[in-house]
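What the coordinates show
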Amino acid sequence: IETMLRSAYRSSVEQVNLANIAAAAFPIFTAGKPGSEVYERTLHIGLQTLVEEIRYSKLKELHLMASSPEEATYFIQIAMEEEQTIRVAIQTPLRV
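Before going further, it helps to spend a moment on the overall build of the chain. Regarding its fold elements, the chain presents 3 helices and 3 strands. Its helices and strands taken in sequence order, the chain reads α-β-α-β-α-β from the N to the C terminus. A buried classification covers 33% of the 96 residues belonging to the chain. Within the chain, contacts between residues at least 6 apart in sequence are counted, and of these 64% link residues at least 24 apart. Accessible surface, the chain: about 6500 Å² in total, of which carbon and sulfur atoms supply 54%.

One ladder, built from 5 bridges, connects strand S1 (residues 23-27) with strand S2 (residues 61-66); its direction is parallel. Residue pairing across strands places Ala23 opposite Glu61, the latter belonging to S2.

So, about the environment of Val16. Mapped onto the elements, Val16 comes out in helix H1 (residues 2-18). For Val16, a relative accessible area of 9% puts it in the buried group. It is 8.1 Å that separates the C-alpha atoms of Val16 and Lys58, two residues lying 42 residues apart in sequence.

What follows concerns the pairing of S1. Judged by which residues are buried, S1 turns out to be one-sided: Ala24 and Phe26 face inward and are buried, whereas Ala23, Ala25 and Pro27, on the alternate face, are not. Of the crossover connections in this fold, the one passing from S1 over helix H2 (residues 37-54) to the parallel S2 is right-handed.

If you walk through the whole model with that rule in mind, you get 5 salt bridges. Measuring nitrogen to oxygen at the nearest pair gives 3.1 Å for the salt bridge that ties Arg6 to Glu2. Taken together, the positions of Arg6 and Glu2, both in helix H1 and 4 residues apart, correspond to about one turn of that helix. A relative accessible area of 12% means that Arg6 is categorised as buried. With a shortest N-O distance of 3.0 Å, Arg10 and Glu53 are connected by a salt bridge. Here Arg10, found in helix H1, pairs with Glu53, found in helix H2; they are 43 residues apart in sequence, far enough to count as distant. Given the relative accessible area of 35%, Arg10 is considered partly exposed. Assessed through its relative accessible area of 22%, Glu53 is described here as partly exposed. The network of salt bridges with common partners includes Glu2, Arg6, Arg10, Arg41, Glu52 and Glu53.

A complete count under the given rule lists 1 aromatic pair for this structure. Here Tyr9 and Phe29 contribute two aromatic rings whose centre-to-centre distance is 5.5 Å and whose plane-to-plane angle is 35 degrees, an arrangement assigned as tilted. You can see Tyr9 sitting in helix H1 and its partner Phe29 sitting in the loop between S1 and H2, a full 20 residues away along the chain.

Conventions adopted
- Residues numbered from 1 in each chain as written.
- Predicted model: local features only at pLDDT ≥ 70, side-chain atom pairs only at ≥ 80, totals over all residues.
- Heavy atoms only, no water.
- Helix = DSSP H or I, 4+ residues; strand = E, 2+ residues; numbered from the N terminus.
- Buried < 20%, exposed > 50% of the residue type's maximum accessible area, 1.4 Å probe, protein only.
- Contact = heavy atoms within 4.5 Å.
- Areas by Shrake-Rupley, 256 points an atom, 1.4 Å probe, with all protein chains shown as cover.
- Pairing = 2+ DSSP bridges.
- Right-handed = clockwise from strand over helix to strand, strands pointing away.
- Salt bridge = Lys/Arg side-chain N within 4 Å of Asp/Glu carboxyl O.
- Phe/Tyr/Trp six-rings, centres within 6.5 Å; stacked < 30°, edge-to-face > 60°.

Put into structure tokens, the structure is as follows:
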């Protein structure tokens with residue numbers, strides 16, 4: 001799973017670069033229940049891979065989309081652990 005997740009993020013950043021986009025928003029793919037080891041691992045893989053990839057990209061601004069306030073809290077905790085500055089945007093499902 002780790003290889004596939006990293007590949008998905010790298011491919012996404014590559015497409016952004018090819019399109020010469022300066023700002024982009026990405027969802028973070030997770031698995032398992034919030035707080036579980038699997039959830040934390042997939043979240044960490046996503047954040048770590050994006051941070052690594054944007055260092056060498058044309059992106060000037062990256063927005064991470066959280067699916068809940070709890071997920072946004074995890075983003076912030078991991079970002080602080082990694083000593084990275086990451087903007088967190090809360091995305092809530094639209095109701096029709």
